[in-house]
Amino acid sequence: MPSIFSYQSAEVDWCESNFVRSAVIAEYYNTISNVSFFLLSPALLYLNRQYCQKKAVPLYFVSGLLILVGLFSMYFHMTLSYVGQLLDELSILWTLAVAYSFWYPQAYFPKCIKTRRHFFWLTGITTVISTLMSFVKPTLNAYALNCIAFHLLYLTWKELKKCNDKRVHRMAAVMVMWWVLAITSWISDRWLCWLWQAINFPYFHSFWHVLIALSLLYCCPLVIYFDVSYEMPSFKPKLEYWPSDSWPVVVPYVTLEEPHKQC
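Note that residues are indexed from 1 along each chain, following the sequence as it is written. Local features in a predicted model are, by the rule used here, given only for residues with pLDDT of at least 70; side-chain atom pairs are given and counted only at 80 or more, and totals for whole chains, interfaces and linings are based on all residues. In computing side-chain values, all of the structure's heavy atoms are included and hydrogens and water are not.

1. Observations regarding the pattern of salt bridges
Consideration 1: By convention in these notes, a salt bridge is any Lys or Arg side-chain nitrogen within 4 Å of a carboxyl oxygen on Asp or Glu. Evaluated as defined, the whole model comprises five salt bridges.
Consideration 2: The closest approach of N and O atoms between Glu231 and Arg116, which form a salt bridge, is 3.1 Å. In this pair, Glu231 sits in helix H10 (residues 204–231) while Arg116 sits in helix H6 (residues 116–133), placing the two residues 115 residues apart along the sequence.
Consideration 3: Only protein chains enter the calculation, and the probe is 1.4 Å; a residue is then buried if its accessible area is under 20% of its type maximum, exposed if over 50%, and partly exposed in between. Look at Arg116 and you get buried, because its relative accessible area is 15%. To qualify as a helix, a DSSP run of H or I must reach at least 4 residues; to qualify as a strand, a run of E must reach at least 2; elements of each kind are numbered from the N terminus.

Structure below.
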């Protein structure tokens, strides 16, 4: 029986041919495409630095975990090991759990949950149980994680119904566009591998890494915008674009207007 750390001991093998470009990297392009996560985290921290000055822990925590997602994904695709697969998937699970713990609006808490502290406990217990269940059938983990996106889209839709800022609606539309392209790439690599190998282009999972990072680049400022609206009522969130509004391709970030003067 091979070691759980051994090369190609994982239950999942993506479409890209193994050890073609390197003798030590199983899936070369699936590995190096995770660099996008190393660029994502510092970009989020730098652009949203005004939010971090007022509420540092959530974004620093999530940004750090996103770097771990990139590292563990690189390790998995480099080795295709069982341990690598679980580290890759569980790092995503715990990043989502932390993001939910910090940013899930209290307006949507279950009726039995009265405080953010109680919600932390609920999220933590649920995540621990999910972590243990992930060992039962690892091949299903990725599908379960992707299903969480539908809940996030539902929450976004509910918040947009209450928001009249056209910039926020535009940012949400671009986020969804990147996510649709990302999930299409993921599904294509998983289910149409025979086609991409036939035309010698089995690289759609590497596209998934880049496209989902781009989606998160829009998703995180959107979440921050709503978090300020809910949790920091003395500030008004304002959506800005880097490098400037006039550029055809921009990166959104959130600034905080000065606190409202008290009577």
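On we go from here.
2. A word on the environment of Ala213
Consideration 1: As for its placement among the helices and strands, Ala213 is situated in helix H10.
Consideration 2: Judged by relative accessible area, which is 5%, Ala213 ranks as buried.
Consideration 3: C-alpha separation for the pair Ala213 and Leu39, spaced 174 residues apart in sequence, amounts to 9.0 Å.

3. A few points about helix H7 (residues 141–160)
Consideration 1: Helix span, expected: 1.5 Å multiplied by one less than the number of residues in the helix. Helix length check: H7 (20 residues) gives 30 Å between terminal C-alpha atoms against 28 Å at 1.5 Å per residue, within 8%.
Consideration 2: Three or more residues of H7 are buried, namely Asn141, Ala142, Leu145, Asn146, Ala149, Leu155, Thr156, Glu159 and Leu160. Down the axis of H7, the buried set is contained in an arc of 145°. They therefore lie on one face.
Consideration 3: In this description, contact between two residues means that some pair of their heavy atoms is separated by no more than 4.5 Å. For H7, the elements touching its buried residues are helix H5 (82–103), helix H8 (166–191) and H10. Here the arc refers to the set of directions running from the helix axis out to each C-beta atom.

4. Looking at the state of the cysteines
Consideration 1: Any cysteine sulfur atom paired with another within 2.5 Å is treated as part of a disulfide. Applying the stated criterion to the full structure yields one disulfide.
Consideration 2: In this model Cys15 forms its disulfide with Cys193; the gap between the sulfur atoms is 2.2 Å. On the sign convention where negative means left-handed, the S-S torsion of about 90° between Cys15 and Cys193 marks this disulfide as right-handed. Residue Cys15 is found in the segment before helix H1 (28–32), and its partner Cys193 is found in helix H9 (residues 193–198); the two are separated by 178 residues along the sequence. For the residue pair Cys15 and Cys193, the accessibility class agrees, reading buried in each case.
Consideration 3: No disulfide involves Cys52; its sulfur sits 11 Å from the nearest other cysteine sulfur, which is in Cys220.
Consideration 4: Left without a disulfide partner, Cys147 is nearest to the cysteine sulfur of Cys219, which lies 17 Å away.
Consideration 5: Residue classification places Cys147 among the partly exposed positions, given a relative accessible area of 47%.

5. Details of the environment of Val98
Consideration 1: Mapped onto the elements, Val98 comes out in helix H5.
Consideration 2: Sequence separation between Val98 and Ser3 is 95 residues; the distance between their C-alpha atoms is 31 Å.
Consideration 3: Dropping the residues within four chain positions of it, Val98 is found in contact with Phe61, Val62 and Leu65.

6. Points about the packing of helix H4 (residues 56–79) against H10
Consideration 1: Note on geometry: axes are lines fitted to C-alpha atoms, helical ones only across the stretch in contact, with angles between N-to-C directions running from 0 to 180 degrees. Between H4 and H10, the shortest axis-to-axis distance is 13 Å and the interhelical angle comes to 175°. Taken together, H4 and H10 sit at an angle that is classed as roughly antiparallel. Residues Leu59, Leu66, Ser73 and His77 of H4 lie in contact with H10, whose contacting residues are His205, His209, Leu216 and Ile224.
Consideration 2: In this classification, the charged set is Asp, Glu, Lys and Arg, the nonpolar set is Ala, Val, Leu, Ile, Met, Phe, Trp, Tyr, Cys and Pro, and all remaining amino acids, among them Gly, are polar. When the residues that make up the contact of H4 with H10 are grouped by side-chain class, the tally is four nonpolar, four polar and no charged. Each angle gets one of four labels, with under 35 degrees taken as roughly parallel, over 145 as roughly antiparallel, 65 to 115 as roughly perpendicular, and the rest as oblique.

7. Concerning the layout of surface pockets
Consideration 1: Of the two site types, the cavity is a set of points on a 1 Å grid over the protein atoms alone where a 1.4 Å probe fits but cannot get out, and the pocket is an open set with protein on both sides within 12 Å along at least five of seven lines, each lined by residues with an atom within 4 Å of a point. Grid points are joined across faces, edges and corners, and a volume is the space filled by probe spheres set on the points. Quantified by volume, the largest pocket comes out at close to 540 Å³.
Consideration 2: As for the largest pocket, its lining consists of 21 residues, of which Leu93, Thr126, Thr127, Ser130 and Ile148 are closest to the centre.
Consideration 3: Secondary structure elements with two or more residues in the lining of the largest pocket: H5, H6 and H7.
Consideration 4: The element contributing the most residues to the lining of the largest pocket is H6, with seven residues.
Consideration 5: Tallied by class, residues from the lining of the largest pocket come to 13 nonpolar, six polar and two charged.
Consideration 6: In this structure, the second largest pocket spans a volume of roughly 220 Å³.
Consideration 7: Around the second largest pocket, the lining residues are Ser36, Leu39, Leu40, Ala43, Tyr46, Leu47, Val210, Ala213, Leu214, Leu217, Trp242 and Val251.

8. Here we look at empty space enclosed by the protein
Consideration 1: Overall, the coordinates contain one cavity of 30 Å³ or more when judged by the stated rule.
Consideration 2: Here the largest cavity defines a volume of roughly 1,100 Å³.
Consideration 3: Lining the largest cavity are 48 residues; nearest its centre among them are Leu96, Ala149, Leu152, Leu216 and Cys219.
Consideration 4: Going through the elements one at a time, H4, H5, H7, H8 and H10 are the ones with two or more residues in the lining of the largest cavity.
Consideration 5: Sort the elements by how many residues they give to the lining of the largest cavity and H10 lands first, with 12 residues.

By themselves, these are just geometric observations and shouldn't be taken as functional.
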